[in-house]
Amino acid sequence: MAFEYPEDLKYLDTHEYVRLEGENATIGISAFAIDQLGDIVFLELPQVGDRVTKGETFGTVESVKAVEDLNSPVTGTVTECNDPMMDSPEKLADDPYGKGWLIKVKVENPTDIDDAMSAEEYSSQVEGD
């Protein structure tokens, strides 16, 4: 099954994505990751004002199959958490790149995402083309 990987996003090999607009990053998890997890039952996210660090865990996503760490693609301060997704985590699959974002971060260094994968690179890695 082919998934959508928007070109304006960068991806981590741990399946998080980031959309950088100026110094504001929107972070979520890819459609591929959501599909692999199956039915998502719980999300744990940081609070607004918390600091996240590139490469470190900022929360967890729990499905009926597994609990996976969420890794930050950037270092910065959390400016927003997607509370509706925390209340209804099963809705992540409906719109992972739109309404299904997880956190928004004010980024300290926009070059943090320079080593993240493009949509094409990520698609090749996860779908093995």
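Located above this text is the structure these notes cover.
A brief structural summary. (Residues numbered from 1 in each chain as written. Predicted model: local features only at pLDDT ≥ 70, side-chain atom pairs only at ≥ 80, totals over all residues. Heavy atoms only, no water.)

### Some points on the nonpolar core
Here is the rule we go by: What makes a nonpolar core is a set of buried Ala, Val, Leu, Ile, Met, Phe, Trp, Tyr and Cys residues whose side-chain atoms join them at distances within 4.5 Å. Each residue gets one of three labels from its accessible area relative to the maximum for its type: buried under 20%, exposed over 50%, partly exposed in between, using a 1.4 Å probe on protein chains only. Where helices and strands are cited, they refer to DSSP runs of H or I of at least four residues and of E of at least two residues respectively, numbered from the N terminus. The criterion used for residue contact is that any of the two residues' heavy atoms lie within 4.5 Å.
Counting 26 residues, the largest nonpolar core has Ile 29, Leu 70, Val 74, Leu 92, Ile 103 and Val 105 as its most contacted members. For this core, the elements supplying multiple residues, two or more each, are strand 3 (24–29), helix 1 (31–37), strand 4 (40–44), strand 6 (57–63), strand 8 (76–81) and strand 9 (103–107). Apart from residues no more than four positions distant in its own chain, Leu 70 is found in contact with Glu 16, Ile 29, Leu 43, Glu 44, Leu 45, Glu 56, Thr 57, Phe 58, Gly 59, Thr 60, Val 61 and Leu 102. Ranked by size, the runner-up nonpolar core spans 13 residues in total, among them Phe 3, Phe 32, Met 117 and Val 126.

### Examining the packing of aromatic side chains
Rules: Under the pairing criterion, centres of Phe, Tyr and Trp rings, with the six-membered ring standing for Trp, must be within 6.5 Å; the plane angle then separates stacked pairs below 30 degrees from edge-to-face pairs above 60, leaving the rest tilted. By definition here, charges over rings are those cases where NZ of Lys or CZ of Arg is within 6 Å of the ring centre and within 35 degrees of the ring normal.
As enumerated under the stated definition, the model contains 5 aromatic pairs in all. Seen in terms of ring centroids, Tyr 5 and Tyr 11 are 6.1 Å apart; in terms of plane orientation they differ by 90°. Their pairing is edge-to-face. By relative accessible area, which is 1% here, Tyr 11 ends up buried. Judged by centre distance (5.2 Å) and plane angle (50°), the ring pair of Tyr 17 and Tyr 97 falls under tilted. Here Tyr 97 lies in the loop between helix 2 (83–87) and strand 9 and Tyr 17 lies in strand 2 (residues 16–21), a separation of 80 residues in the sequence. Its relative accessible area of 9% is what places Tyr 97 among the buried residues. One aromatic cluster is present, formed by Tyr 5, Tyr 11 and Tyr 122 through successive ring pairs. Over the face of the ring belonging to Trp 101 we find Lys 104, whose NZ or CZ atom lies 4.6 Å from the ring centre.

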